[in-house]
Amino acid sequence: MEGLAPAGVLLLLAWPLAGWLANGLLGRRLGRIGPGLIGSAAVAGSFATALGLLAAYRALGPEAGPIPVPLGAWFGAGALVVDASLLVDPLALTMALVVSGVGFLIHVYAIGYMAGDPHPARFFAYLNLFVFAMLLLVTAGNLLVLFVGWELVGVCSYLLIGFWFDRPAAATAGRKAFVTNRVGDAAFLLGLFLLFTSVGSLDILKVGEAASALPGGVRLAAALLLFAGATGKSAQIPLHVWLPDAMEGPTPVSALIHAATMVTAGVFLIARLGGLFLATPGAMAVVAVLGALTAFFAATVALRQHDLKRVLAYSTISQLGYMFVAMGAFAPAAGMFHLVTHAFFKALLFLAAGSVMHAMHDVIDVRRLGGLARPLRQTALGFVVGGLALAGVPPFAGFFSKDLILEHAFALGMATGNYLPYLLGLLTAFVTAVYITRAALLTFSGRPAEPGARPHEAPPVMLWPMALLAVLSVAGGGLGARAAGEPLLRFLEPALPHPDGALAGVHAPAGPLMVLSVAVAAAGVALGWTLHRGRRDPALGALGGVLEQRWYIDALYEAALLRPARALGRWLAGPVDLGAIDALVNGVGRGLARLGADVRRWQTGYARQYALGVLAGTVLILVFWMLR
Amino acid sequence: MLTQLIFLPLVGALLVALIPRGRPDTVRWLGLLVSLAAAVLAARVVGAFDASSGGLQLVERAAWIPGLGVGYAVGVDGISLLLVGLVAVIFPVALLGSWGSITERVKAYTIAMLGLQTAVLGTFLSLDLVLFYVFWEAVLIPMAFLIGVWGGPNRRYAAIKFFLYTMAASVLMLVAILVLHALAAGQLGERTFDLQRLAEVRLDAGVQGWLFAAFALAFAVKVPVWPLHTWLPDAHTEAPTAGSVILAAVLLKMGTYGFVRFGPMLFPEALVAAAPLLAALAIVGIVYGAAVSWAQTDFKRLIAFSSVSHLGFVMLGIAALNEQGFQGSLLQMVNHGISTGALFMIVGVLYDRTHTRELADYGGVAARMPRFAALFTIVLLSSAALPGTNGFVGEFLILLGAFRVSAWWAALGVLGVILSAVYLLWAYQQVMHGPATARHPERLTEITPRELLAFAPLVALIFAIGLYPRPLLDRSEAAVRAALDRLERPAQQRIVPQAREPR
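Read on for a plain summary of the structure. Along each chain, the written sequence defines residue order, and numbers are assigned to residues from 1. Working convention: letters from A go to chains and numbers from 1 go to ligands, in the order in which they are written. Since the coordinates come from a predicted model, pLDDT governs what is reported: local features require at least 70, and pairs of side-chain atoms require 80 or more to be given and counted, while whole-chain, interface and lining totals use all residues.

### A few points about the environment of Phe 178 of chain A
Then, number 1: Strands are runs of DSSP state E lasting at least two residues, helices are runs of H or I lasting at least four, and both sets are numbered from the N terminus onward. Take Phe 178 of chain A: it is sitting in helix α6 (residues 168–199).
Then, number 2: As for Phe 178 of chain A and Ala 555 of chain A, which are separated by 377 residues in sequence, their C-alpha atoms are 19 Å apart.
Then, number 3: For Phe 178 of chain A, the residues in contact, after removing those within four places along its chain, are Gly 154 and Tyr 158 of chain A together with Ala 421 and Leu 425 of chain B. The contact criterion used here is simple: two residues whose C-beta atoms, placed from the backbone, lie within 7 Å are in contact.

Laid out in structure tokens, this is it:
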């Protein structure tokens, strides 16, 4: 393994890079189907490589530890040396498997979904570039290399959200995503500066080792700055606003980038820097509470959205909140477990939603859908499986991972007295069951809202990926279920630091908590069923209006930030720049011109005469000084 | 070798002048070949350069006006080497890029461009202050002609403003040079304008402050440092594409180069004292330039203000007065030349087709010009300093250097990272995205192979520097360390040479 790691991890990255180049350079010569095949094959290559790496790594035994893959110095200045280095450890391998595995299924699905699009080469080039960037992010051994992947996935997201750029909404959504992420990235950068100036290195392993020895204030500031970066990428309050709009992108993009992989990068970052975060309880409290607030807030908004993909987008924001709760509850392994199961069932839900769009000619407003269970039998089945997993109904995968997070959140409450994350988490579980039941009923049950449509089930190339994800959405629970021996948690454990101090000895009462969360999920499904049976959709009064308007947060940003900023820009450009600064300059110039009334006839306006005059004057001064 | 490099373009310009009328293509080819020959010479300079030494190299001296102590002295170090390389790349690119847009007075145009190249090379390589000043001012003449003759409708106003504003600001520098000369004569006992000799002069804080202020004013207008920037949008907007490219890529760097070259050598204490002020102005420039850029409706004005913002970063790195800051600034001078030069060429490609610079006159261009769209995207991301492109490493080093001085400097400077994405993506969307609402859709033909060829070196550098900036950083490292050493060494410890016998 030691010898294999560099070649293996480079091969892992090389596949999608090659796919990007092939699709990007050969472009139209590949025909309609070629780009999809090349793109899918490239990601399959990465998945196979990741499996090989996993096998080789496991063969080393449980004491393998992290394997750094140095690739030489990237750049430096003074004391700063940035090494281009990668890192192979259980965390990286888990992420690489999810990214390439789920990524492969979504690529295959996209062959069918994008069959009618005139630009398949551009699409798959972007998609492969994304997979490359994401794999670089998760295998980075240096925080700045990680940041390269971090920014590059953001660019791919921008390009893919705006893939249909002739639609102004899509172009604007892409821009909004990029700019919002940049706000987080700015904080991320400051965090890197702080870490470098205090640790002296941006190497992930070194930062992890040195973190606990840093002064408390530095640790807290660095952790919070990096977490601010994570709130951008992972769409947490207050930077969540870009993700729902990102649904303007093609649905496979929503499934891959805006549900399964890229948006989890913030969660991954915290796990990756567990040595820093777990040593900083203050930051962890912020992570847990903000995650819980986001989970609850986004779930309530999902109750009253009419665009099926937006329901799923808010659901993703909410589920990411759960993952942050896990991180903040000093249980990164539980958070990673939920990251993996969520990748399965949320990708499944999105692909099912895409299948609905495919069948209904891009109609995605649930008010215009309905009665699709019959014509889209497999899609409906897939959506229900994904929905049950999301709702946390046993034995679906989401049940195990969400329950584990709630258990740890409860333990956090026992240890610190902060039960807020647990309570919000439990409440969110209830709301989640309601909104996904609503979405399923409005879309698939009852009678079609527009009977004229003749929906047709998706082709096998789209159905098979959904089928496999459905299997994973059931079986995925086995990765972390106690009954199955928690293989994923055992595998991850050596890569994640353990909480020391207050939380070490605390054990939440797992049995009663599990019963409670199952009961809550069941109650949520039941309420959703009661409210929305027969495709009824009560507006929920004034509260419903607030939810429909997303708690007015987007409107608030527009009114309080964007409009004043634009106005400020215009004011600076007009009255200040032209009206004051430049006017002063011109005034001085004119004043001087007037002073020389005698030489007014020299003001011919020809630059060459001015040049001559000024040069002559200069020479005169020069000579005067010389001969003085 | 340096003398050959400096004057080769001028000799080329004389050759161009000999070409009879009515043969614009011969003129174009000769101009391009001359600039390419200069690039070859510059490559030889880079090859002969010893990166391990922080001092001035390949120095050539000759007597010029010995009685006044004016000498001809040129030399290169890690600070000027990068800029020489930039000049060598940008001029052929700009010349090739303008083949389609400059159709009148091609000969005069080519002569002006080549003359300009000699002047900027001389500015970056002069080691004698009089020689430096001559080149510094000589730059104005061809540039003013480029704006005033081949520019847009308001070209005369822009050309005169450019000329007078930057000239007026430089006059005080000339006075300061002469004062420095006089003080040196007293201390060293010889009449000299030689930079390395003048660096040995000990100046008390007050005099140093005044002299530095005079130099700094000239440099600050050239950069331009806020609030001395208002000549720039007019000059950029009215200049022909190649003029804007050279102006942004090279001329603005004369100002930032001046700070790095002369600050540590001649006025170390004054530079240290002024650093907080420079940083404050730099930060205002970063945010102000970006905010105003966002409000522009004219594509070229938008990029012009983006230069104010980007040059703010360069100034911030200089004001940090540490290795990360200086190295980042030097790298970013090159990067801004590449990225903003390419942005102006992007506008040029569109302007050549539609003859409008208004953002509102475009829309949906990406669908008509997909290859151009990909190119524009790369340039845009480079200007927004995306990792993997050239801009990132420079900005990162600058902000890190600033952070080491004050977390606030970095926290405010990092706003520019956000804002650059705001205005650049805004401009891109206006022009390229949305439904096809461009005013002259039929004229929006795909970018030609010749235009692509002009972009090719810039795109290659965007990725090369982004992925592996070490060849540049390694070459400037020793010179930066030497410059910083002068700042860190207390004044009284600086070696004061014995006065020599007056000649």
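Let's pick the thread back up.
### Re helix α14 (residues 323–354) of chain B
Every α-helical turn comprises 3.6 residues, leaving residues that sit three or four positions apart pointing alike.
Residues and elements named next belong to chain B.
Then, number 1: To estimate the expected span of a helix, count its residues, drop one, and scale the result by 1.5 Å. With 32 residues, α14 should cover 46 Å at 1.5 Å per step; its first-to-last C-alpha distance of 46 Å lies within 8% of that length.
Then, number 2: Exposure classification rests on a simple neighbour count of other C-beta atoms within 10 Å of a residue's own: a residue reaching 20 or more is buried, one at 12 or fewer is exposed, and one in between is partly exposed. C-beta atoms are placed from the backbone. Most of α14 sits out of view: 29 of its 32 residues are buried.
Then, number 3: Trailing α14 by a residue or two, His 355 shows a phi angle of about 55°, which is positive.

### What to know about the environment of Leu 303 of chain A
Residue and element names in this part refer to chain A.
Then, number 1: With respect to the helices, strands and loops of the structure, Leu 303 is situated in the loop between α13 (281–302) and α14 (308–328).
Then, number 2: The class of Leu 303 is buried, set by 21 C-beta atoms lying within 10 Å.
Then, number 3: Taking C-alpha positions, Leu 303 is 31 Å from Gly 112, a pair spaced 191 residues apart along the chain.
Then, number 4: Once you skip the residues sitting within four places of it in the chain, Leu 303 turns out to touch Val 431, Val 434, Tyr 435, Arg 438 and Leu 547.

### Focus: the interface of chain B and chain A
Then, number 1: The partner chain A presents 45 residues to the 58 residues of chain B that form the contact.
Then, number 2: A per-element tally of the side of chain B that touches chain A places helix α7 (residues 155–188) of chain B first, with 10 residues.
Then, number 3: Looking at the side of chain B that touches chain A residue by residue, the class counts come to 41 nonpolar, 12 polar and 5 charged. Residues are grouped as follows: nonpolar covers Ala, Val, Leu, Ile, Met, Phe, Trp, Tyr, Cys and Pro; charged covers Asp, Glu, Lys and Arg; every other residue, Gly included, is treated as polar.

### Some points on the nonpolar core
Across soluble globular proteins, nonpolar side chains have a tendency to be buried as a group.
Then, number 1: As used here, a nonpolar core is made of buried Ala, Val, Leu, Ile, Met, Phe, Trp, Tyr and Cys residues. They are joined through C-beta atoms within 7 Å. Counting 448 residues, the largest nonpolar core has Phe 130, Ala 347 and Leu 348 of chain A together with Val 84, Ile 90 and Leu 316 of chain B as its most contacted members.
Then, number 2: When near neighbours in sequence (up to four residues on either side) are disregarded, Leu 348 of chain A contacts Gly 382, Val 385, Gly 386, Met 466, Leu 469, Ala 470 and Ser 473 of chain A.

### A look at the pairing of strand β2 (residues 80–88) of chain A
All names here are of chain A.
Then, number 1: Pairing analysis gives 8 bridges linking strand β1 (residues 67–77) to β2, with the strands arranged antiparallel. By the bridge assignment for β2, Ala 77 is matched with Leu 80.
Then, number 2: Pairing between two strands is assigned when DSSP locates at least 2 bridges connecting them. In this structure, the hairpin formed by β1 and β2 is closed by a connection of 2 residues, where Gly 78 is found at a positive phi of approximately 60°.

### A few points about the packing of helix α8 (residues 216–233) of chain A against α13 of chain A
All names here are of chain A.
Then, number 1: Following both chains from N to C, one finds α8 and α13 inclined at 25°, their axes separated by 8 Å at the closest point. It follows from the interaxial angle that α8 and α13 lie roughly parallel. Handedness of the crossing formed by α8 with α13: right-handed. Touching Leu 220, Ala 223, Leu 224 and Phe 227 of α8 are Gly 282, Ala 283, Val 286 and Val 287, all from α13.
Then, number 2: A class-by-class count of the residues in the contact of α8 with α13 yields 7 nonpolar, 1 polar and no charged. Convention adopted: a line fitted to C-alpha atoms gives each axis, helices being fitted over their contacting stretch, and angles between N-to-C directions are expressed from 0 to 180 degrees. What sets the label is the angle itself: under 35 degrees gives roughly parallel, over 145 gives roughly antiparallel, 65 to 115 gives roughly perpendicular, and the rest give oblique. Put simply, a crossing is left-handed when the front helix is turned counterclockwise from the back one by less than a right angle, and right-handed when it is turned clockwise.

### Remarks on the environment of Ala 185 of chain B
All names here are of chain B.
Then, number 1: By the element assignment, Ala 185 lies in helix α7.
Then, number 2: For the pair Ala 185 and Leu 198, spaced 13 residues apart in sequence, the C-alpha separation works out to 9.4 Å.
Then, number 3: Excluding its chain neighbours within four sequence positions, the residues that come into contact with Ala 185 are Glu 190 and Arg 191.

### Some details on unusual backbone geometry
Residues and elements named next belong to chain A.
Then, number 1: Between Ile 237 and the following residue, Pro 238, the backbone shows a cis peptide bond with an omega angle of 5°.
Then, number 2: If you trace the backbone, Pro 238 turns up in the loop between α8 and α9 (242–245).
Then, number 3: The step from Pro 394 to Pro 395 runs through a cis peptide bond, and the omega angle for that step is 5°.
Then, number 4: Positionally, Pro 395 belongs in the loop between α16 (377–391) and α17 (397–416).

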